[in-house]
Amino acid sequence: MTASLDDVSAAREIEDLSISISGIKPEMSFIVAVSLALAILPPTEGRTKVLLVSMDGFRHDYLNKTETPNFDSLRSGGVSMVYMDNSFVTNTFPCHYTMATGLFPESHGIIGNQMYDPDLHATFNMSSTEPFWWEGGEPIWITARKAGLKSGVFSWPGGDVEIFNLRPTEWRPFSDSTTFENRVSTVVSWMSEKDFDLGLLHFPEPDLAGHYFGPDSEEIISAIQKMDTLLGLLIDELNKAGLKDKIDLIVTSDHGMTKVDLFNQVIDLSQYVNETLLQRVADEEAVANLLPQPDLQVMLKEDIPERYHIKNNRRVMPVVAIAEEGWTITNNLTLLQQSPMKGSHGYDNGILNMKPIFLANGPSFKSGAIVPPIQSVDLYTLVCHILKIKPMPNNGSLERILPLLRNSSSMMNWNIVTVLLGTFVLLVFSKIV
């Protein structure tokens with residue numbers, strides 16, 4: 001990245017400081033260096049709050065299907081992008097935990113909505129809360145707690161799990177049953193009356209409508225309109241609570257949706273594989289994790305393309321079958337065809353229909369800006385930056401989030417000053433010793 005004139009000026013200022021201090025006695029140089037460091041540390045008072053909202057299954061182009069005045073207002077006053085690049089497998093649990101940790105699924109370990117761990121001989125489903133499943137990564141609500149901040153998580157995958165012996169300040173379990181209005185009122189109360197610094201809020205729509213009726217149905221249009229009304233309610237309640245200029249609101253999703261045909265576009269494993277040769281089918285539909293018997297010759301998981309960032313985890317079975325868009329893999333055709341499902345996801349994250357929305361609005365973000373797509377692994381870095389807390393190692397990119405931010409140039413200046421000051425302090429120590 002090319003340095004701006006401000007960056008060059010910052011560097012020259014540090015250089016001038018180092019020259020002017022070179023004549024100071026060694027024992028005083030240390031005091032000066034520490035004072036400098038404390039003087040230019042970014043202030044933590046007046047920290048902006050962050051509310052990260054996921055509307056499950058909200059495909060990137062859904063906003064073009066109907067009128068959405070509240071989304072339009074959020075977009076015009078903030079930043080947006082044509083889509084966000086999400087992780088693979090494009091399912092609810094792996095995608096949400098990638099957003100929360102900034103890690104690809106092969107690192108954080110939640111590689112599907114259903115999994116099998118061959119070392120522990122344990123099976124995972126969407127109700128599993130044993131910590132060992134989740135401790136491949138540290139979610140943002142735990143990072144915030146470790147930094148002394150208050151965090152609340154409502155129905156976000158992993159939010160009700162004790163991770164590294166910590167939990168959010170308050171949480172509600174992952175569930176489709178709680179009313180949307182209750183979710184809004186609870187989270188607004190956390191952020192205002194209880195003065196939380198961070199909130200994460202999940203809604204199961206429009207994913208449910210997309211599954212039952214398909215992404216091109218009238219019902220999906222109704223679901224989009226419902227979510228637009230809900231967004232308006234959320235914004236109104238935040239404003240009434242006095243948080244208008246104190247909170248950054250990020251609205252995104254885990255994945256998109258595509259139409260499926262369970263009678264004409266189905267891959268029935270029993271037609272291709274002798275079931276006696278399979279020990280286990282850990283997941284199915286768009287992606288199937290298969291554990292074959294040793295004498296079955298198969299393509300190994302090592303052949304999975306690197307761009308999926310999923311193969312380097314023991315929970316990925318020796319065989320991974322990935323369906324083409326719109327096709328469904330099943331180990332029980334009769335049961336599958338009893339389902340009313342007309343839409344699904346989980347497919348290649350490079351497919352446009354799998355990509356979700358992203359909009360953000362608040363004091364940290366530019367206004368009316370359309371920016372290049374970021375990746376879902378970048379959200380952890382973004383939230384840590386806004387909250388001014390130190391992130392854990394992650395796969396996100398500081399460079400990708402800079403175009404979203406109102407004060408990105410000053411952020412770059414701070415990074416350069418930090419590096420130069422660190423170098424200067426080392427020089428001072430070398431003089432002392």
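In this text, all values refer to a predicted model and were calculated from it rather than measured experimentally.

Cut-off values and rules
- Residues numbered from 1 in each chain as written.
- Predicted model: local features only at pLDDT ≥ 70, side-chain atom pairs only at ≥ 80, totals over all residues.
- Heavy atoms only, no water.
- Helix = DSSP H or I, 4+ residues; strand = E, 2+ residues; numbered from the N terminus.
- Buried < 20%, exposed > 50% of the residue type's maximum accessible area, 1.4 Å probe, protein only.
- Contact = heavy atoms within 4.5 Å.
- Areas by Shrake-Rupley, 256 points an atom, 1.4 Å probe, with all protein chains shown as cover.
- Pairing = 2+ DSSP bridges.
- Axes fitted to C-alpha atoms, helices over the stretch in contact; angles between N-to-C directions.
- Expected span 1.5 Å × (residues − 1).
- Salt bridge = Lys/Arg side-chain N within 4 Å of Asp/Glu carboxyl O.
- Phe/Tyr/Trp six-rings, centres within 6.5 Å; stacked < 30°, edge-to-face > 60°.
- Parallel < 35°, antiparallel > 145°, perpendicular 65-115°, else oblique.
- Core = buried A, V, L, I, M, F, W, Y, C linked by side-chain atoms within 4.5 Å.

**Student:** Before we go on, may I ask you to explain the overall build of the chain in this structure?
**Tutor:** Per the secondary structure count, the chain includes 14 helices and 17 strands. For the chain, the residues scored as buried account for 51% of the 433 residues in total. Put simply, of all contacts in the chain between residues at least 6 apart along the chain, 74% involve residues at least 24 apart. Surface accessibility of the chain: about 19,400 Å² in total, with carbon and sulfur atoms responsible for 53%.

**Student:** I would appreciate a short explanation of the sheet that holds strand S6 (residues 170-172) in the present structure.
**Tutor:** Strand pairing in a sheet relies on backbone hydrogen bonds. The paired strands run either parallel or antiparallel. Strand order in the open sheet formed by 8 strands is S6-S5-S7-S1-S8-S16-S2-S17, with mixed pairing between adjacent strands. On the outer flanks of this sheet lie S6 and strand S17 (369-370), each paired with one strand and no other. The pairing of strand S1 (residues 49-55) with strand S7 (residues 198-203) spans 6 bridges and is classified as parallel. Opposite Leu52, over in S7, you have Leu200 as the bridge partner. The sheet contacts of helix H12 (residues 378-387) involve S1, S7, strand S8 (247-252) and strand S16 (358-361), and relative to S8 the element is tilted by about 170°.

**Student:** I'm lost on helix H8 (residues 180-191) in this one. Help?
**Tutor:** For an α-helix, 3.6 residues make a turn, and residues three or four places apart therefore share a direction. If you check H8, its first and last C-alpha atoms are 17 Å apart, about what 12 residues at 1.5 Å a residue would give, namely 16 Å. Most of H8 is tucked away: 9 of the 12 residues are buried. By the burial criterion, the buried members of H8 are Phe180, Arg183, Val184, Thr186, Val187, Val188, Ser189, Trp190 and Met191.

**Student:** What am I meant to see in unusual backbone geometry here?
**Tutor:** Of all residues except glycine, most have a negative phi; of all peptide bonds, most are trans. Cis geometry marks the peptide bond from Phe88 to Val89, where omega comes out at 10°. Structurally, the position occupied by Val89 is in the loop between strand S2 (79-80) and helix H4 (92-101). In the Ramachandran plot, Ser155 falls in the positive-phi region, its phi being about 65° despite a non-glycine side chain. Structurally, Ser155 is set in the loop between strand S5 (151-154) and S6. With a relative accessible area of 0%, Ser155 lands in the buried category. Positive phi, close to 50°, is recorded for His309, a residue that is not glycine. Examined against the element boundaries, His309 turns out to sit in the loop between strand S12 (287-292) and strand S13 (319-322).

**Student:** Explain the pattern of salt bridges here, please?
**Tutor:** Oppositely charged side chains can pair when the atoms bearing their charge come close. Under the defined criterion, the tally for this structure stands at 15 salt bridges. A salt bridge links Arg314 to Asp117, with the shortest nitrogen-to-oxygen separation between them at 2.8 Å. With a gap of 197 residues between them, Arg314 in the loop between S12 and S13 and Asp117 in strand S3 (residues 115-117) connect regions that are remote in the sequence. One network of salt bridges, in which partners are shared, links Asp117, Asp119, Arg314 and Arg315.

**Student:** I tried to follow the packing of aromatic side chains on my own but got confused; where do I start?
**Tutor:** For any pair of aromatic rings, geometry is given as the distance between the ring centres together with the angle between the planes. All told, the structure shown has 14 aromatic pairs when counted by the stated rule. Seen in terms of ring centroids, Phe58 and Tyr62 are 5.7 Å apart; in terms of plane orientation they differ by 55°. Their pairing is tilted. As far as the burial class goes, Phe58 and Tyr62 line up, both buried. Between the aromatic rings of Phe93 and Phe174, the centroid separation amounts to 5.0 Å while the plane-to-plane angle is 80°, which identifies the pairing as edge-to-face. Of this pair, Phe93 sits in helix H4 while Phe174 sits in the loop between S6 and H8, and the two are 81 residues apart along the sequence. Connected via pairs of aromatic rings, a cluster forms that spans Phe93, Tyr97, Phe124, Phe132, Trp133, Trp134 and Phe174.

**Student:** In this structure, what is going on with the packing of helix H3 (residues 69-76) against helix H10 (residues 218-240)? I would like to understand it.
**Tutor:** A packed helix pair is summarised by two numbers, namely the angle formed by the two axes and the spacing between the axes. In the contact formed by H3 and H10, the axes pass within 7 Å of each other and the chain directions differ by 55°. Considering the angle they form, H3 stands oblique to H10. For the pair formed by H3 and H10, the contact residues are Pro69, Asn70, Phe71 and Leu74 on the first element and Met227, Asp228, Thr229, Leu231, Gly232 and Ile235 on the second.

**Student:** For this particular structure, what's the right way to read the pairing of S1?
**Tutor:** Along a regular strand, successive side chains alternate from one face of the sheet to the other. Most of S1 is tucked away: 7 of the 7 residues are buried. Where burial is concerned, the two faces of S1 agree: the one with Lys49, Leu51, Val53 and Met55 and the one with Val50, Leu52 and Ser54 are both buried.

**Student:** Help me understand the nonpolar core, please; the structure alone is not making it clear to me.
**Tutor:** Across soluble globular proteins, nonpolar side chains show a tendency to be buried alongside one another. By size, the foremost hydrophobic cluster in this structure holds 51 residues, and its most contacted members are Phe358 and Leu382. Mapped onto this core, the elements with two or more residues apiece are S1, H4, strand S4 (122-124), helix H6 (131-134), helix H7 (140-146), S7, S16 and H12. Tallying contributions element by element places H12 first for this core, with 7 residues. Setting aside chain neighbours within four positions, we find Phe358 in contact with Val79, Ser80, Met81, Met84, Ile250, Val251, Thr252, Ile374, Leu379, Leu382 and Leu404. Judged by nonpolar contacts, the second largest core, of 34 residues, contains Val184, Phe196, Ile220 and Ile357.

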